[in-house]
Amino acid sequence: MLPERFREILTESLGEQTASELLPHLEDTPSVSVRPNTAKISTEGLRGHFAELYDGPVDWAPESFYLSARPSFTLDPLFHTGAYYVQEAASMYVGHLLEGILAEGRPVRRLLDLCAAPGGKTTDILSRIPDDSLLVTNEVMRGRATILAENVAKWGRANVLVTNNDPADLKGLDSWFDFVLVDAPCSGEGMFRKDDEAVEDWSEDNVRLCAARQRRILSDIWPALRDGGYMIYSTCTFNHFEDEDNAAWIASELGAEILQQRHFLPGRERGEGFYCALLRKSGESAVADGRASSRQRVRKPAPAPDCDYVRDGYTLALKGDLLKAYPASLMEDMQAVEASLKVIHSGVAVATVKGRDLIPEADLALSCALREDAFPRVELSREDALRFLAKEPLAFPQEPRGYLMMTYCGLPLGFVKNLGNRSNNLHPMARRIRKSIN
Ligand code: SAM
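Residues numbered from 1 in each chain as written. Predicted model: local features only at pLDDT ≥ 70, side-chain atom pairs only at ≥ 80, totals over all residues. Heavy atoms only, no water.

A. Structural context of the environment of glutamate 399. Relative to the helices and strands, glutamate 399 resides in the loop between helix 13 (382-389) and strand 18 (402-408). Residue glutamate 399 is classed as exposed on the basis of its relative accessible area, which comes to 52%. Along the primary structure glutamate 399 and leucine 380 are separated by 19 residues, whereas in three dimensions their C-alpha atoms are 16 Å apart. There is a polar contact of 3.4 Å between the side chain of glutamate 399 and the side chain of arginine 401. (Helix = DSSP H or I, 4+ residues; strand = E, 2+ residues; numbered from the N terminus. Buried < 20%, exposed > 50% of the residue type's maximum accessible area, 1.4 Å probe, protein only. Polar contact = N/O pair within 3.5 Å; in protein donor to acceptor, adjacent residues only side chain to side chain.)

B. Here's a closer look at the pairing of strand 7 (residues 160-163). Alternating residues of strand 7 divide into Val160 and Val162 and Leu161 and Thr163, and every residue in both groups is buried. On the question of chirality, the crossover connecting strand 6 (residues 134-138) to the parallel strand 7 by way of helix 7 (residues 142-155) is right-handed. The pairing of strand 7 with strand 14 (residues 343-346) spans three bridges and is classified as antiparallel. Looking across to strand 14, one finds that valine 162 is bridged to histidine 345. (Right-handed = clockwise from strand over helix to strand, strands pointing away. Pairing = 2+ DSSP bridges.)

C. Region of interest: the site of the ligand. Looking at the ligand, there are 17 residues lining it, with Gly120, Lys121, Glu139, Arg144 and Asp183 nearest. The contact in question runs from an oxygen atom of the ligand to an N or O atom on the backbone of glycine 119, over 3.1 Å. Note that an oxygen atom of the ligand is positioned 3.0 Å from one of the backbone N or O atoms of glycine 120. When the ligand sits alone it has 600 Å² of accessible area, and the protein chains cover 83% of it. Residue classes in the shell around the ligand are distributed as ten nonpolar, two polar and five charged. (Near = heavy atom within 4 Å. Areas by Shrake-Rupley, 256 points an atom, 1.4 Å probe, with all protein chains shown as cover. Nonpolar A, V, L, I, M, F, W, Y, C, P; charged D, E, K, R; others polar.)

D. Examining the sheet that holds strand 4 (residues 84-86) more closely. Spatially, 2-3-1-4 is the arrangement adopted by the four strands of the open sheet, whose pairing is antiparallel. Two strands close off the open sheet at either side, each with one partner strand: strand 2 (54-58) and strand 4. The mean angle between the axes of side-by-side strands here comes to 30 degrees, regardless of whether they run parallel or antiparallel. Of the pairings in the sheet, the one linking strand 1 (residues 32-36) to strand 4 comprises three bridges and is antiparallel in character. Residue pairing for strand 4: proline 36 is matched across the bridge by tyrosine 84. Against the sheet, helix 6 (residues 120-128) makes contact with strand 1, strand 3 (61-67) and strand 4, and its axis sits at roughly 35 degrees relative to strand 1, the strand it touches most. (Axes fitted to C-alpha atoms, helices over the stretch in contact; angles between N-to-C directions. Contact = heavy atoms within 4.5 Å.)

E. Molecular detail of a negative patch on the surface. Negative charge collects at one region of the surface, where Asp195, Asp196, Glu197, Glu200 and Asp201 lie side by side. Owing to a relative accessible area of 62%, glutamate 200 belongs among the exposed residues under this scheme. (Patch = residues over 30% accessible without salt bridge, like charges linked within 9 Å, V, L, I, M, F, W, Y side chains within 5 Å. Salt bridge = Lys/Arg side-chain N within 4 Å of Asp/Glu carboxyl O. Lys, Arg positive; Asp, Glu negative; His and termini not counted. Charge placed at Lys NZ, Arg CZ, Asp CG, Glu CD.)

F. Molecular detail of the pattern of salt bridges. For the coordinates displayed, the defined rule picks out 29 salt bridges. A salt bridge links arginine 128 to glutamate 99, with the nearest nitrogen and oxygen atoms 2.6 Å apart. With arginine 128 in helix 6 and glutamate 99 in helix 5 (residues 93-103), this pair connects stretches of sequence that are 29 residues apart. Of the residues examined, glutamate 99 reaches a relative accessible area of 37% and is grouped as partly exposed.

G. Region of interest: helix 1 (residues 4-14). Every buried residue of helix 1 is accounted for by Phe6, Ile9, Leu10, Ser13 and Leu14. Considered in projection along helix 1, the buried side chains sweep an arc of 110 degrees and stay on one side of the axis. Here the buried face of helix 1 lies against helix 2 (16-22), helix 9 (204-221) and strand 10 (256-264). Backbone geometry just downstream of helix 1 places glycine 15 in the positive-phi region, at approximately 95 degrees. (Arc of directions from axis to C-beta.)

H. Spatial organisation of the packing of aromatic side chains. This structure, assessed with the given rule, holds 17 aromatic pairs. Ring centres 5.7 Å apart and planes at 80 degrees place the aromatic pair phenylalanine 6 and tryptophan 202 in the edge-to-face group. Here tryptophan 202 lies in the loop between helix 8 (196-200) and helix 9 and phenylalanine 6 lies in helix 1, a separation of 196 residues in the sequence. Residue placement shows lysine 154 over the ring face of phenylalanine 79; its charged tip is 3.9 Å from the ring centre. (Phe/Tyr/Trp six-rings, centres within 6.5 Å; stacked < 30°, edge-to-face > 60°. Lys NZ or Arg CZ within 6 Å of the ring centre and 35° of its normal.)

Pasting the structure below:
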């Protein structure tokens with residue numbers, strides 16, 4: 001049962017006809033859509049994987065597509081290789097807008113995704129930006145930031161830092177970003193058909209509280225965007241308080257031009273409710289040349305041992321006993337962010353150093369930094385891949401011994417150490433799948 005006041009505000013926000021067309025669709029079954037990680041698999045490859053469920057492309061993100069039913073993604077080993085992300089279709093429009101900005105050849109080298117967990121839009125952004133651009137992806141809630149970091153590691157790109165800060169903490173990065181995405185916490189009206197709690201929690205007071213909080217977040221982050229830089233402001237709600245009114249407020253109070261606004265409405269588009277506005281900050285500076293005002297001194301990393309696990313173009317650094325790889329061209333920017341924010345994930349965890357042994361880290365298997373021929377590969381069946389993910393023991397021939405890379409559909413999944421008479425499964429306990437596999 002939808003609250004009466006919700007219906008009234010919906011009519012006020014979208015107009016009588018659109019609101020009455022939308023309302024019946026708030027009862028429909030939500031759609032399911034997946035987006036390929038094009039650094040790991042092509043659209044055709046992923047389409048083949050889901051051949052029986054393929055249900056047509058997403059209009060505004062043609063590399064992505066709908067599924068006719070929701071399979072168990074946990075029991076699909078390909079999901080654990082980071083080959084795709086299950087993302088709500090309407091929200092893929094953010095990637096489409098960013099693509100448009102990049103296609104115009106605008107300098108967009110430093111990007112921020114401010115409210116980023118669990119990482120749908122972050123992984124989309126990572127698929128669209130070149131290796132020499134840096135994404136800072138932030139989430140204020142610690143538990144959600146950990147999930148974001150896991151999804152980022154799985155996506156496999158190294159040009160990204162995950163931070164766990166309040167938007168106000170980013171003040172030190174004055175005029176630093178060329179692009180900022182604020183996918184704001186909102187009253188969630190667009191999620192009504194996915195989430196019963198969103199209906200139960202709805203109230204006009206909450207809508208107004210959300211709108212005020214969004215303005216606070218926006219004013220906190222505004223100084224971090226350079227003059228002439230781009231902002232996408234988005235919500236998954238329908239009301240004008242949180243959507244058009246806030247976009248107009250950014251334009252008039254903070255100083256920006258609204259370039260585009262769009263509502264996605266279930267029934268009219270195939271997806272959940274979503275709103276987004278593309279804005280350009282007033283003024284002009286050719287590139288983001290703002291300097292990070294560091295709270296701490298940047299510490300020089302300890303000298304790293306020789307390691308041939310990663311491709312060229314990365315700088316290795318030792319942090320405690322963890323060997324990490326950073327894109328060489330982004331080291332300076334990454335250190336500037338590390339010095340002023342609470343970074344919970346950066347670069348690629350390559351190996352734990354134990355004496356003369358370099359024990360490969362699980363994240364290395366999922367990373368694009370991995371040198372393709374660094375380890376002997378073992379292609380697993382679906383059943384064995386699920387056993388590996390459940391951290392069950394696997395049997396191998398006596399040779400080759402040492403670290404072996406498990407693959408599924410040709411994509412790295414993780415490592416096993418083959419000791420000849422037995423093997424150690426190096427899949428992290430925290431990522432062990434718990435569902436029954438039979
Ligand atoms: N962008 C994400 C994605 O595509 O997967 C979804 C983000 S969700 C709509 C909004 C996020 O904002 C949540 O992860 C929430 O924890 C975070 N959030 C909540 N309160 C916040 C605040 N005061 N400032 C910044 N972010 C906040």
